[in-house]
Amino acid sequence: MEKRLANWGNYPAISCDESTFSQEEQVQDFISTHSSVIARGNGRCYGDASLAQHSVSTLKYDKVLAFDTTKGIFECQSGITLDQILDIIVPQGWFLPVTPGTKFITVGGAVASDVHGKNHHVDGSFSGHIIDMDIITGNKETITCSANNHSDLFWATCGGMGLTGIITRVKFGLKKISTAYIRQKQIKARNLEDLIRLFEEYKDYTYSMAWIDCLKKGDAFGRGILIVGEHATPEELNEQQRKAPLQLAPKRKLSVPFNLPSFVLNTLTVKAFNWLYYLKNTKREINGVIPYEPFFYPLDAILHWNRGYGKAGFVQYQFVLPLEKKEGLVAILQKISDAGLGSFLAVLKVFGKQDSLISFPMEGYTLALDFPVRKGLFEFLDKLDAIVLQYGGRLYLSKDARMKQEVFWQSYPNAQKFADIIKTYNGAKLFRSVQSDRLLLTE
Amino acid sequence: MPTVLILGAGSDMAVAIAREFARNKYDIQLAARNVASLSALEQDLRIRYQVSASSHAFDATDFTSHAAFYRSLSQAPDITITVFGYLGSQEKGQSDWTEAARILHTNYTGAVSILNIVADEYAARGNGTIVGISSVAGERGRQSNYLYGSAKAGFTAYLSGLRNRLFLKGAHVLSVQPGFVYTRMTENLKLPAPLTAQPQDVARDVYRAVIAKKNVIYTKWFWRYIMLIIKSIPEGIFKKLKL
């Protein structure tokens, strides 16, 4: 059935049809009767990666197939979301090896985006924890692959935006925890220099990220709050928490019921940050033990927060620069601050080393911030792209809705190798999206 | 732990109902024509909710197999829910008897055949709950789906009679009248979003109604009033409408 679909950024929105399946034969039937298709999970990538004329939703292909509670190995169909997995594994003393800043993504999406989390510098991205997975490729064959078996298919699928086929089953390793809580430390940084020094100082923490104020100029340029954390031990919990260390009390969720005018969100985030920065953090450092949910998923508590950017939508701009190119980070932040087009807050994170074919992370600084769609924005982002390229960086495909194809081909060193593997497994261009057409990966 | 038998366990609505009861700590017996297709759901229920789950081959239109099927269950279920149904093609069924018969037999005859057997057992033991998922389509025939609608109408009448019969025996019958629901069965229909339920909504309503021993529920609830209006349109006008 024809409908209007957009991903999390509400930009772009296209007219297309979307089918579902709950058995593998059904998706086989679907791809046998369509000349092109892209798999779509929960639609939490921001741009056009899972948009296409024909998409097939994996959300009903969501069964848990096995859970080894001794070894911490989880096996499931690709359409199950991380929040459902957490509900199953946390009470048994296990956690996701890697999680992005929202739990409302599917496992298939986690693989296709090769998601990273606050622990990238310690645990790498999601692909490093996959034991094996099944993919329906272009010749409609289901292939089981892993880092050692059909490794070309495996590596082109991790971060491959669904262009090698439809991921149907994933088996991956979990992380042992003894409580559902995080021992958190928040440290105020006076400026960017200070913040980067703090990242270095606290790099032994498993989890780290920082909020950074994009508008401040002068001495306080790049001021922010570094947030680091570790899974708490039972001894670190208070009496109340210790009664059921692996259970969290259910919480009510707020929701943004309709699209707001786009200035509202910015005003709110300014207030929230200032509150954190000035009031809560009068001390330079504050410590606490908090449930894992607000630590990993602060924005998930507000359903549909994306509507805060209004009907025109927004793009999230996330790039990474090599570690030695700190001056690039300064240059880009300066440009963003001068233009005043972006959100007031950005998220900064230092990635660790990563070997992969087409995944986004590499050792260096990654910065993410939102830009409400408006006149002149795309021209401005093209200028930012040029700086990112100049410093040897690249953009995250899961956030991208607008990068020019040459930026992709110049910034991803394995782009050609990736395109060749797509040809092997998806020669007839059966799997294609608005994004892959735009980036000339399937044109 | 009490046990629920779900007949027609392959559908989206059945998956949601199975999960809803499993979440509330019921053991689940899944039954569908293609038993192999149930193995993933069976595992899923065990792992998510730590209940027992089993899969059984059941063909609604293979009437003669029904008694043996019910006898073969290792545990007689406390609750039996018929979810199976076949929308089919109205247009095809108007001239193709095979299609028409399939619509009638899946939605009506097959349900009667298996529930007769279950009802006898529940009557003999003096307890048990039967849940029939019928449809608001059975409340008034429309040109766009009166084959399906008439079969569901028969089923609705059957459930009401069965409730009457089993009442004195101590067993209960719940009739469920869903309106539009987003499932694979309706994937190609253009459904009005405010009137259309998710399978999980239906499942939650069914569970609550079983616990509260309701007789007839509509889901979403306002379908009761929509159908009241539709049923009150005089036939002279109704026959001219494009419905």
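Let us look at the structure shown here. (Residues numbered from 1 in each chain as written. Chains lettered and ligands numbered in written order. Predicted model: local features only at pLDDT ≥ 70, side-chain atom pairs only at ≥ 80, totals over all residues.)

For chain B, the count of helices and strands is nine helices and nine strands. Here the C-alpha radius of gyration of chain B, 17 Å, is about what a compact globule of 243 residues would show, namely 18 Å. With respect to the principal axes defined by its C-alpha atoms, chain B has extents near 55 × 35 × 35 Å. Burial statistics for chain B: of 243 residues in total, 45% are counted as buried. Long-range contacts, defined as pairs at least 24 residues apart, comprise 66% of the intrachain contacts of chain B with a sequence gap of at least 6. (Helix = DSSP H or I, 4+ residues; strand = E, 2+ residues; numbered from the N terminus. Rg over C-alpha atoms; globule rule 2.2 N^0.38 Å. Buried ≥ 20, exposed ≤ 12 C-beta atoms within 10 Å, placed from the backbone. Contact = placed C-beta atoms within 7 Å.)

It is worth spelling out the overall build of chain A at this point. Along chain A, the regular secondary structure elements total 14 helices and 21 strands. Along the longest, intermediate and shortest principal axes, the C-alpha atoms of chain A span 60 × 55 × 40 Å. A total of 443 residues make up chain A; the buried ones form 49% of that total. Across chain A, contacts joining residues at least 24 apart in sequence account for 74% of those joining residues at least 6 apart.

To continue, consider the pairing of strand β1 (residues 3-7) of chain B. Residues and elements named next belong to chain B. The buried fraction of β1 amounts to five of the five residues, a majority that puts the element mostly inside the structure. Of the two faces of β1, the one lined by T3, L5 and L7 and the one lined by V4 and I6 are each fully buried. In the sheet, β1 pairs with strand β2 (residues 27-32) via five bridges, with the strands oriented parallel. Opposite I6, over in β2, you have L30 as the bridge partner. For the segment spanning β1, helix α1 (residues 12-23) and β2, crossover handedness is right-handed. Pairing analysis gives four bridges linking β1 to strand β4 (residues 79-82), with the strands arranged parallel. Looking at β4, one finds that V4 is bridged to I79. (Pairing = 2+ DSSP bridges. Right-handed = clockwise from strand over helix to strand, strands pointing away.)

Our next topic: the interface of chain A and chain B. At the interface, 13 residues of chain A touch 13 residues of chain B. Counting only elements with at least two residues in the side of chain A that touches chain B, the list comes to β2 (13-20) and β5 (64-68) of chain A. The biggest single contributor to the side of chain A that touches chain B is β5(A), with four residues. Across the side of chain A that touches chain B, the residue classes tally to six nonpolar, five polar and two charged. (Nonpolar A, V, L, I, M, F, W, Y, C, P; charged D, E, K, R; others polar.)

Moving on, we come to the sheet that holds β5(A). One open sheet accounts for five strands, arranged β5-β6-β10-β8-β9 (chain A); its pairing is antiparallel. Of all strands in the sheet, those with a lone pairing partner are β5 and β9 (142-145) of chain A, marking the two edges. Pairwise comparison of adjacent strand axes, ignoring direction, gives a mean angle of 10° for this sheet. Note that β5(A) and strand β6 (residues 73-77) of chain A share four bridges and pair antiparallel. Across the sheet, A:A66 pairs through a bridge with A:E75, a residue of β6(A). Packing of helix α2 (residues 39-49) of chain B onto the sheet brings it into contact with β5 and β6 of chain A, and relative to β5(A) it is tilted by some 40°. (Axes fitted to C-alpha atoms, helices over the stretch in contact; angles between N-to-C directions.)

Moving on: the nonpolar core. Core analysis: the largest hydrophobic core is formed by 124 residues, its most contacted members being A:V111, A:L195, A:A210 and A:L226. For this core, the domains that each give at least three residues are domain 1 (64-177) and domain 2 (181-247 + 254-405) of chain A. In contact with A:A210, other than residues within four places in its own chain, are A:L195, A:G224, A:I225, A:L226, A:I227 and A:L348. Counting residues in hydrophobic clusters, the runner-up holds 68 residues, among them B:L7, B:Y26, B:V51 and B:A119. (Core = buried A, V, L, I, M, F, W, Y, C linked by C-beta atoms within 7 Å. Domains from an automatic or database assignment.)

Moving on to the environment of A:Q84. Here A:Q84 is to be found in helix α2 (residues 82-89). As for A:Q84 and A:F104, which are separated by 20 residues in sequence, their C-alpha atoms are 8.8 Å apart.

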